[in-house]
Each structure stands twice: as structure tokens, then as C-alpha cells.
Amino acid sequence: LLEAIDRWAAAEGKLINVLLECFISSDETKQGLSEQELTDILSGDRHYRNVRICGLMGMATYTDDKDVVRADFQLLVDMQQVLYDRIGESPNVAPGCDELSIGMSDDYPIAVEMGSTIVRIGSMIFGERMILCITKLRLWLKAMSLMKMLIWVKPLSAMVSIKKMALPLKRQ
């Protein structure tokens, strides 16, 4: 993607400021660079002449557990040091590269406390996205069906026991 942005920017005669998204979550639906991939981009020989890396971004695990969110954010804060170490060494890292984009509507106070310079609070302003509402509804329905299954486990196990008792015994 970085190469595609660089090619497009070159064709348009532009310099594009970017944040590199890093994978800091335990949620497999999220994506981003690992610390090793980040290091490879920053210390590699590839020079993106029309891209300027201005910072990092990441998304925490979707959970109400503030300790998990804080630990995810700390991973990105630690990865930011890798970026700082490359200022002046890597031609792709902007001087003063200090943007840290962590935190969304549900966890922005923790993000700000941990040094976030950009928070994404669209849900707080515009309301939840429909896809999130549908996901929550599906999870609720799944939980309800599991509860129904638990309610029926006892009667089913009793039926299985009765059927086992009703089977004729085999002679040996």
C-alpha cells in the first residue's frame, strides 16, 4: 500500500503525510504492521520519495476491560520509540514525527492519558455504525440461543438416560 501511495503521489506531484497502522490488538479482525515489519520499513533500502511517515496508529482490542486497552496502547507507545530512533536515519521518517493515533469513542480517555495526539470519535459524534449494531444484535442472539441450549440440556440428558434404560440388554 505504501508503494501504491508513493506511485500515485509521484504521478500527482504531491507529498503525502501518512500514519503507519500497527497491529496491537488481540482481536484478529484488526490488522496492521508488526514491530518487525515496522522496523523493516523504517530501516529498509526503499525510499518513498513522495511519502512522509508522520507517526503511528493502532486500534485496541474491543473490550470493556480497561487494563487490556491500556496494554494494547502501551504496545504502540513502545513501537513509537522504534520510529523515534529512525528520525534522521530513515529518509521516509519526517522530522518531528510525533503523531500517535490511538483511541476511539469508547476508549479515548485512556488514549489521551497515554499520549495520543489524534483520537477517532466518530461514533460519539454521529452514533454507532449500523454494522456495529448488527454485530451486537448477532452476539445477543447467539447468547440467547446458547441460553436456550443450556435450558434444554437437562431434559435432553434425562431423555438419553431413559432411552439407554429402555434398550434391550445384549446377552454375552
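So, here's what we can say about the structure.

Conventions adopted
- Residues numbered from 1 in each chain as written.
- Predicted model: local features only at pLDDT ≥ 70, side-chain atom pairs only at ≥ 80, totals over all residues.
- Heavy atoms only, no water.
- Helix = DSSP H or I, 4+ residues; strand = E, 2+ residues; numbered from the N terminus.
- Buried < 20%, exposed > 50% of the residue type's maximum accessible area, 1.4 Å probe, protein only.
- Contact = heavy atoms within 4.5 Å.
- Areas by Shrake-Rupley, 256 points an atom, 1.4 Å probe, with all protein chains shown as cover.
- Salt bridge = Lys/Arg side-chain N within 4 Å of Asp/Glu carboxyl O.
- Axes fitted to C-alpha atoms, helices over the stretch in contact; angles between N-to-C directions.
- Parallel < 35°, antiparallel > 145°, perpendicular 65-115°, else oblique.
- Nonpolar A, V, L, I, M, F, W, Y, C, P; charged D, E, K, R; others polar.

## Points about the overall build of the protein
Within the protein, the secondary structure is distributed over 6 helices and 4 strands. In the protein, the succession of helices and strands from N to C terminus is α-β-α-β-α-β-α-β-α-α. The proportion of buried residues among the 172 residues of the protein is 28%. Counting only contacts in the protein whose residues sit at least 6 apart along the sequence, the fraction spanning at least 24 positions is 62%. Only carbon and sulfur atoms are counted for the fraction: they give 60% of the accessible area of the protein, which is about 12,300 Å².

## Focus on the environment of Asp64
Summarising the element assignment, Asp64 is placed in the loop between strand 2 (51–57) and helix 3 (66–86). Judged by its relative accessible area of 80%, Asp64 falls in the exposed class. When the C-alpha atoms of Asp64 and Asp106 are compared, they prove to be 8.5 Å apart, with 42 residues separating the residues in sequence.

## Some remarks on the pattern of salt bridges
Counted by the stated rule, this structure contains 1 salt bridge. Between Glu113 and Arg70 there is a salt bridge whose closest N-O contact spans 2.6 Å. Note that Glu113 is positioned in helix 4 (residues 108–113) and Arg70 in helix 3, a separation of 43 residues in sequence.

## Remarks on the packing of helix 2 (residues 35–43) against helix 3
Where helix 2 contacts helix 3, the axes come no closer than 10 Å and their chain directions differ by 10°. As summarised for this structure, helix 2 and helix 3 are arranged roughly parallel, according to the angle between their axes. Contacts between helix 2 and helix 3 involve Glu35, Leu38, Thr39, Leu42 and Ser43 from the first element and Met79, Val82, Leu83 and Arg86 from the second. Split by residue class, the contact of helix 2 with helix 3 holds 5 nonpolar, 2 polar and 2 charged.

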